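# Notes for the structure review
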Amino acid sequence: MTAVAALARYAPRYRLEIGEPDGSEWLRVDRILEPGSPELTELLKRDDEASGHRTAHANALSMLSFYAGRAPATALLLWALEGHVLDIRPQNLWVRPHDGHGIAAVAVRSADFLPGGLVTLYDVVLRQHLLPLAEELHRRTRAGLRQVYGGVAAGCAMGFCAATREEVAVEPAYLLERWQTFVAKAPGGLSRLGDVEEAAGKLVYLRNTCCLYYTSETGHGTVCGSCCLTPRETRRTAYNAGRPILTT
């Protein structure tokens, strides 16, 4: 089993299909990133239909959080565990939208690695991919740039946190150290937008921005567990007790 394939043991979000996929349902990421692209319009439409957002900027924040937590997650965990940077440059990456929220599957042209370590990881995950996507959503919907960057930060953090929650799990303290290394000099000021901490033997994320989930029809006025609208100590207490936070 290759290192890339082995990562799927930790969580479904780390599963990658290798090879250029067939079918019109697959969207190539470099086309999603084009200004005014119909592919990005389709992703927003699907998330809006699944959630019933009240505003376009809430739709953008929701879509970005789900997207950022899925498409680049394998590359982030592979770097954290192996030190390799998977070639997920936008022209080499495809996503298949879920019927509701987020991304159902991810495909990469080939399981090739790029030289350069952390600097290259910043380039392929953030500068070429998630930050331009956030900026396009900012232009389209007037969602605050700090808020959309907050979705990027939360999605990247989930790439580390999810791997501590499965039956086959990575040691939280190790992944926490790797997260701190990643985020310390990450472009977009991601280090200021939230914190990864250990709680109840797992990693959790405490956001400093709000994704406006509570304004959607599916949110029913309830904030998500990591939301900055809930006091930090309340979030920590709930996470340590292993229970969800329900705040209206």
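Placed above this text is the structure.
The sections below set out a description of the structure shown in this document. This structure is a prediction, so every number in the text was calculated from the model and none was measured. (Residues numbered from 1 in each chain as written. Predicted model: local features only at pLDDT ≥ 70, side-chain atom pairs only at ≥ 80, totals over all residues. Heavy atoms only, no water.)

## Re the overall build of the protein chain
The secondary structure content of the protein chain amounts to nine helices and eight strands. Along the first, second and third principal axes, the C-alpha set of the protein chain runs to 45 × 40 × 30 Å. The buried share among the 248 residues of the protein chain stands at 53%. Considering only residue pairs separated by 6 or more positions, the protein chain has 68% of its internal contacts joining residues 24 or more positions apart. Accessible area for the protein chain stands at about 10900 Å²; split by element, carbon and sulfur atoms hold 50% of it. Both charge centroids of the protein chain, one from 27 positive and one from 27 negative side chains, sit 5 Å from each other. (Helix = DSSP H or I, 4+ residues; strand = E, 2+ residues; numbered from the N terminus. Buried < 20%, exposed > 50% of the residue type's maximum accessible area, 1.4 Å probe, protein only. Contact = heavy atoms within 4.5 Å. Areas by Shrake-Rupley, 256 points an atom, 1.4 Å probe, with all protein chains shown as cover. Lys, Arg positive; Asp, Glu negative; His and termini not counted. Charge placed at Lys NZ, Arg CZ, Asp CG, Glu CD.)

## Describing the packing of aromatic side chains
Aromatic ring pairs: the centre-centre distance and the angle between the two ring planes describe each pair. Taken as a whole and assessed by the stated rule, the structure comprises six aromatic pairs. With centroids separated by 6.3 Å and ring planes inclined at 80°, the aromatic side chains of W179 and Y205 adopt a geometry described as edge-to-face. You can see W179 sitting in helix α8 (residues 172-184) and its partner Y205 sitting in strand β8 (residues 202-207), a full 26 residues away along the chain. By relative accessible area, which is 1% here, Y205 ends up buried. A cation over an aromatic ring shows up here: R178 above the ring of W79, its NZ or CZ 4.0 Å from the ring centre. (Phe/Tyr/Trp six-rings, centres within 6.5 Å; stacked < 30°, edge-to-face > 60°. Lys NZ or Arg CZ within 6 Å of the ring centre and 35° of its normal.)

## A closer look at helix α5 (residues 73-82)
For α5, the buried fraction is high: eight of the 10 residues fall into the buried class. The set of residues buried in α5 consists of A73, T74, A75, L76, L77, L78, W79 and A80. Where the residues of α5 are buried, they touch α1 (3-6), β3 (85-86), β6 (113-114), α6 (117-141), α7 (145-161) and α8. After α5 finishes, the residue G83 shows a positive phi value of roughly 80°.

## Structural notes on the packing of α5 against α7
Packing of α5 against α7 brings their axes to within 9 Å, and their N-to-C directions diverge by 50°. The angle between α5 and α7 falls in the class oblique. For the pair α5 and α7, the crossing hand works out as right-handed. On the side of α5, the interface is formed by A73, L76, L77, W79 and A80, while α7 contributes C156, G159 and F160. Residue classes in the contact of α5 with α7 are distributed as seven nonpolar, one polar and no charged. (Axes fitted to C-alpha atoms, helices over the stretch in contact; angles between N-to-C directions. Parallel < 35°, antiparallel > 145°, perpendicular 65-115°, else oblique. Left-handed = near helix turned anticlockwise from the far one by under 90°. Nonpolar A, V, L, I, M, F, W, Y, C, P; charged D, E, K, R; others polar.)

## Some thoughts on unusual backbone geometry
Unlike most non-glycine residues, R142 shows phi in positive territory, near 65°. Along the polypeptide, R142 turns up in the loop between α6 and α7. A positive phi is found at A200, a non-glycine position, where the angle reads about 55°. Mapping A200 onto the fold places it in the loop between β7 (194-199) and β8. We classify A200 as partly exposed; its relative accessible area is 47%.

## Topic: α8
Helix length check: α8 (13 residues) gives 18 Å between terminal C-alpha atoms against 18 Å at 1.5 Å per residue, within 8%. Of all the positions in α8, only P172, L175, L176, R178, W179, F182 and V183 are classed as buried. Down the axis, α8 shows its buried residues gathered within 165° of arc, on one side only. Against α5, α6, α7, β7 and β8 lie the buried residues of α8. (Expected span 1.5 Å × (residues − 1). Arc of directions from axis to C-beta.)

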